[in-house]
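# Remarks on the overall topology
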Amino acid sequence: MGAFYGNKIKNQEINLKTGEAWKLEDVPAFWRAKAGQWLENN
C-alpha cells in the first residue's frame, strides 16, 4: 500500500476527497510511514 499511495503522490493524481493532488498528509495514518519511505526510495 505504500507504493499505491506513493504512486498517487508521485504521479500527482487528484484526490477525490480534496479535489487537489495527493499529498503525504492525505494518506491514511496507518500507511503514511510506508508511503513516505517508498517516496524516498523511488
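About the cut-offs
- Residues numbered from 1 in each chain as written.
- Predicted model: local features only at pLDDT ≥ 70, side-chain atom pairs only at ≥ 80, totals over all residues.
- Heavy atoms only, no water.
- Helix = DSSP H or I, 4+ residues; strand = E, 2+ residues; numbered from the N terminus.
- Salt bridge = Lys/Arg side-chain N within 4 Å of Asp/Glu carboxyl O.
- Buried < 20%, exposed > 50% of the residue type's maximum accessible area, 1.4 Å probe, protein only.

## Some thoughts on the environment of Lys8
Topologically, Lys8 is positioned in helix H1 (residues 2-10). Between the C-alpha atom of Lys8 and that of Lys23, which follows or precedes it by 15 residues, the distance is 8.5 Å.

## A word on the pattern of salt bridges
Taken as a whole and judged by the stated rule, the model has two salt bridges. Note that Glu13 and Lys8 form a salt bridge whose closest N and O atoms lie 3.3 Å from each other. Judged by relative accessible area, which is 33%, Glu13 ranks as partly exposed. Here Lys23 makes a salt bridge to Glu20, at a shortest N to O gap of 3.5 Å. Classification of Lys23 by relative accessible area gives partly exposed; the value is 37%. We classify Glu20 as partly exposed; its relative accessible area is 44%.

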